[in-house]
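Chain by chain, the residues:
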Amino acid sequence: MNFHISYKAQRMFLILGFLIVPLALLVTFSLYPAIKLVLYSFTSWNGLTTSYPWVGLHNYIEIFRNPALFGVFIHNFSYFIGGLVQNVIALGFALLLSKKVKIRNGFRSILFIPYMLNAVAVVYIFQFMYQDNGAINTILRVVGLGALATDWIGNNHVINWALAFVSLWEYFPFNMVIYLAAIQSIPEDMYEAALLDGASAWQTLWYVTLPNLRAIIQVNLLLTVSGALEAFNIPFIMTNSAPAAATFLTQTMNVAFVFNNYGLASAMAIVLLVIVVLVISIQRKIVGGGDDVV
Amino acid sequence: MTTKMTKLTGSIAKYMVLTIGVIVVVFPLYIAVVNSLKSNADMNRLSPLQPPAHPDWQNYVTAWTGGTLGSAFLNTFFIIVLAVVGNIVFGTMVAYVLGRFNFPFKRVIMGAYLVAMFIPTMTVQVAIFGIIKNVGLFDTRYAMVLLYLGTNVVQIYIYMQFVKRIPVSLDESAMLDGASYFRIYRSIIFPLLAPASATVAILQTIAIYNDLYSPYLYMPSTNLGVVSTALLRFEGPYSAQWNLIMAASVIIAIPLLLIYLFLQRYIFAGIVNGAVRE
Amino acid sequence: MLYCENEKGDLEVKKWVAVASITGVSALVLAGCGTQNAGASANNTSQTGAASQAVKTITVLTNRTDMQANGMLKKYAQAFEKTHPGITVKWQTFVDNSTVQAQMNGGTYPDVMLILPNITPNELPQFFVPLDTLGLDNKIYFKDFQSYGGHVYGIPTFGDVNGIVYNKAAFKKAGITSPPTTLNAFYADCAKLKKHGIIPIALNYTDKWPLANWTDTLPNVIAGNPNYLNTMVQSKAPFTPNSPMGRALNIVDTIVKNGWAEPDWKNTNWANSKTLEAQGKVAMMYLGQWAIPQIVSAGTTSSNVGFFPFPATNQGKPLAIMTPDWELAVNKHSKNIPAAEELVKWMVLDSGYPNYAGGLPPVKGMKSNVPQIQQLYAQAKVVQGVPSTTALTQLENTSQIDINGGGAVQTVLNAPNFTSALQQLNQQWENAASLSGQ
């Protein structure tokens, strides 16, 4: 006799046994901390003492009243625009690489490299290039565009764009590879039909390729937009979160750890979360796209 | 005739755009490598665009020892291996159960994973910190392993998609042969999920290799640096010496580039699988 | 730390037990039980294991990443371990206060700590053990800087006196024969230096901490009162242009507006500037005497570096205020409090660190090895600093004005308009004051 347990009993054991550890991890490290965050956001806890004075909505009001807090979203805006440009560039390269370009794979391999570099190393390389006598100003002067040379990190008008460019440079390959795969999966006969109808290259792009990419564009935008709203590493490493480059997340960490106002910082984190979800929903409405993507 | 002309100019334009792209990508790498090989004197004398006449490899030695990069690589490797194996095991288990069975609270569980994806991990660190401390793992590499197991949840979605594509008839015929559910998981589902596991391994490796803030927070001991934190700590005292920082940056870039060189195809496929969920 | 390094095999097993136990802990959360107790017991089991080991490991926090890179930390640990068998020292460095703060939030922080600037005196007993019993009280200066309720919680690593560290050759090149003694003369010298192609004064904006002197020392110097900052809590508008704080900020703003700071002043750091000052490309920096040996070792001679008090006003001898640098404290939750206390004592009395760091030795009778300090003393009225009150630190935190860490200077310098920047600070201050008044 073997020890056959009925499938029904097995099922129960399996469901419980397989889910308990992963769910415990999920609850412990994602959901439970998130709930705590919500609770903290209604207190003026300083992060150190054991007293949690209840302040109601005060922290939320403070976020919108204090321009030093909500105002920094203007810096995130650069990353947002950078993210859109990043998608256009990635899509552009994907379109070029999808055609029968000779040595296509060679181009693709090189263009993808930035994504494989360590994020901290990338920031230092760009910080070095952005120096006053750095590579970028030097090359601008060499090619006679010396007038464009500037203090990339010191000039308030360009700093956030300079930082957003680092993000663009590092992450466009990621979007590019996804676009490329999606373009290549569009059935060939759709293009043949368009050709028979006498469609121009632009018309084919507009009426065949892009509509087929709608869902993928949606995914890519979702990733870049939430990335833009949560920008942290680049300003943190390159400028030590200086005022001209502070983003909402660097400011949140500042409030929590420099000014010991953990309650307010928690409220800022919740606001950020809500904004991310809102922006994503709005974007879904605009770009459309099916339920087949998350 | 004219169409041929437009085609030609079109193709020239195409190559020009691609070449510009390649230049923009390669230029920073060139700058990093060239300047990592300059002596201090060359740094002062030459423009950042000029390569040194005599490469000075000493910078790499200083970066390696001063940045304690050796132990940083070991720690990073250790964390990646454990976290990736854990994520694959747990991910396949969850996806199998959620993908094959119906039971109460299934939708709640799926919803919980969705919510977890949107929580910016950085902002919940104080709450997580208490947990890591309470299990006595603070300032150990296991803290990071556990954290990645708990907060990196994207693989659940990847696995769910792949599980759906495995025909249920395979399960059924195994059941006719008297296989247990666990056996079905072990000998059918898990092996057939191998491509998804490759995707998960690739995405997680890249994510963990690049993570800065969590290891910075949970492993403050100087001997517990990972590559990102080791580079950050090295930069402080040497922030004037770009040749050294570039050398350290190049060293840290090499491992993933090597992996890329050999596993390019899988990496592309992995990224696509991770983003596209049909 | 909780674990001993030498017992590797056992350690690995314990960690795995802990990994396994967390899943149990979380299962309890799922079932609706409290995590606190379950977590604490898991914690205790792992700690009792470590406490029974013969070798005690203490973790020690330091801000000196440079000493990690040049191997000095290792040497200090070895020197201590040699005279204190049975104790192992494990260093922790930090780049950013926030990570240390997060450790304190979580209740797990190094055995020997540095007291962060935004900890208020009344919070000290919550984190650290009183160090009155170390027997250092009568031997050291600055003993009451980190104290509360009559107990001492922090022992200074060394003392600082702030002033302008300058390159003598650069001054000579610009035709400046003696250091300025009035603010107007200082401005005139800046102009001369700039005319001779020398950067008059480096601010090190990106590092942020080098800016702190402009708001946490200079206003006291201007007011001629080392306690001035503490009196700010009584003012509704301490940032008006004529207040000592306003005047201090105005000086640094004037420097920037006239181009007397680094040309790329928003992208500058101390590590770079010390080399530039050693080379005479930068003439001055407003820092402590500790900077002098570092500038010297960055490539010049000690005789080429001078030190004078900041000529904050146009009349009278300026104040030079002596304050403690980072202060060492012992973690209240440490398993090895006696060992940690031994290390604190050793760092102050026997390590030689105060002199290595170029500090004023905190021990009475011990001589500083920075000769330039005498030059500064000769030109200033030397006074002891006054510790920040709880009220001041709390108001700084609530108003989110970073006076101690240099953040406020960054904000003002970055603002397009100086006057409105001060108004904004006053506004934040008033809002915070009315809040805490409730």
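Quick note: structure is the one above.
Worth saying up front: this structure is predicted, and the values here are computed from it rather than measured.

Topic: the side chain of Gln372(C)
Residues and elements named next belong to chain C.
- When you line up the elements, Gln 372 lands in helix H17 (residues 372-379).
- Polar contacts involving the side chain of Gln 372 include one to the main-chain carbonyl oxygen of Ser 302, which spans 2.9 Å.
- Dropping the residues within four chain positions of it, Gln 372 is found in contact with Ile 292, Ser 302, Val 305, Gly 306 and Phe 307.

Section: a nonpolar patch on the surface
- A surface patch of nonpolar side chains, about 710 Å² in accessible area, is lined by Ile254(B), Leu258(B), Ile259(B), Leu261(B), Phe262(B), Leu263(B) and Tyr266(B).
- The class of Leu261(B) is exposed, set by a relative accessible area of 58%.

Considering the side chain of Asn304(C)
All names here are of chain C.
- Along the chain, the position of Asn 304 falls in the loop between helix H14 (291-297) and strand E10 (305-308).
- Judged by relative accessible area, Asn 304 falls into the buried class, the value being 15%.
- Engagement of the side chain of Asn 304 in a polar contact is seen with the side chain of Asn 167, the distance being 3.3 Å.
- A polar side-chain atom of Asn 304 sits 3.0 Å from a polar atom in the side chain of Thr 300.

Some details on unusual backbone geometry
- A positive phi angle, close to 60°, is found at Asn240(A), a residue other than glycine.
- Relative to the elements of secondary structure, Asn240(A) occurs in the loop between helix H11 (233-239) and helix H12 (248-257).
- Residue Lys208(C) is not a glycine yet carries a positive backbone phi of 70°.
- Classification of Lys208(C) as buried rests on a relative accessible area of 16%.

Here's the deal with helix H10 (residues 181-192) of chain B
- Taking 1.5 Å per residue as the helical rise, H10(B) with its 12 residues ought to reach 16 Å, and the 15 Å between its terminal C-alpha atoms agrees with that figure.
- When we look at burial in H10(B), the residues that qualify are Tyr181(B), Ile184(B), Tyr185(B), Ile188(B) and Ile189(B). Along the axis of H10(B), the buried residues cluster in a sector spanning 125°; they form a single face.
- On its buried face, H10(B) sits against helix H1 (7-40) of chain A together with helix H4 (69-100) and helix H9 (168-176) of chain B.

What to know about the interface of chain B and chain A
- On the side of chain A, 84 residues touch chain B, which itself brings 89 residues to the contact.
- Roughly 8,000 Å² is buried in total at the junction of chain B and chain A, and carbon and sulfur atoms are behind 82% of that figure.
- In this assembly, chain B and chain A are joined by zero salt bridges.
- Where chain B meets chain A, there are 11 residue pairs in polar contact (both at pLDDT 80 or more).
- Examining the composition of the side of chain B that touches chain A, we find that 16 residues originate from one element, helix H1 (residues 2-36) of chain B, more than from any other.
- Among the residues making up the side of chain B that touches chain A, the classes are represented as 71 nonpolar, 14 polar and four charged.

Quick word on the packing of H4(B) against H10(B)
Residue and element names in this part refer to chain B.
- Orientation of H4 relative to H10, taken along the N-to-C sense of each, is 115°, at an axis distance of 11 Å. When the interaxial angle is binned, H4 and H10 end up roughly perpendicular. Viewed along their axes, H4 and H10 form a crossing whose handedness is right-handed. Contacts between H4 and H10 involve Ile 88, Val 89, Thr 92, Met 93, Tyr 96 and Arg 100 from the first element and Tyr 181, Ile 184, Tyr 185, Ile 189 and Phe 190 from the second.
- Within the contact of H4 with H10, the residues separate by chemical class into nine nonpolar, one polar and one charged.

Reading the values: the criteria
- Residues numbered from 1 in each chain as written.
- Chains lettered and ligands numbered in written order.
- Predicted model: local features only at pLDDT ≥ 70, side-chain atom pairs only at ≥ 80, totals over all residues.
- Heavy atoms only, no water.
- Helix = DSSP H or I, 4+ residues; strand = E, 2+ residues; numbered from the N terminus.
- Polar contact = N/O pair within 3.5 Å; in protein donor to acceptor, adjacent residues only side chain to side chain.
- Contact = heavy atoms within 4.5 Å.
- Patch = residues over 30% accessible without salt bridge, like charges linked within 9 Å, V, L, I, M, F, W, Y side chains within 5 Å.
- Areas by Shrake-Rupley, 256 points an atom, 1.4 Å probe, with all protein chains shown as cover.
- Salt bridge = Lys/Arg side-chain N within 4 Å of Asp/Glu carboxyl O.
- Buried < 20%, exposed > 50% of the residue type's maximum accessible area, 1.4 Å probe, protein only.
- Expected span 1.5 Å × (residues − 1).
- Arc of directions from axis to C-beta.
- Buried area = accessible area lost by both parts, 1.4 Å probe.
- Nonpolar A, V, L, I, M, F, W, Y, C, P; charged D, E, K, R; others polar.
- Axes fitted to C-alpha atoms, helices over the stretch in contact; angles between N-to-C directions.
- Parallel < 35°, antiparallel > 145°, perpendicular 65-115°, else oblique.
- Left-handed = near helix turned anticlockwise from the far one by under 90°.

Any functional reading would require information that these geometric values do not contain.
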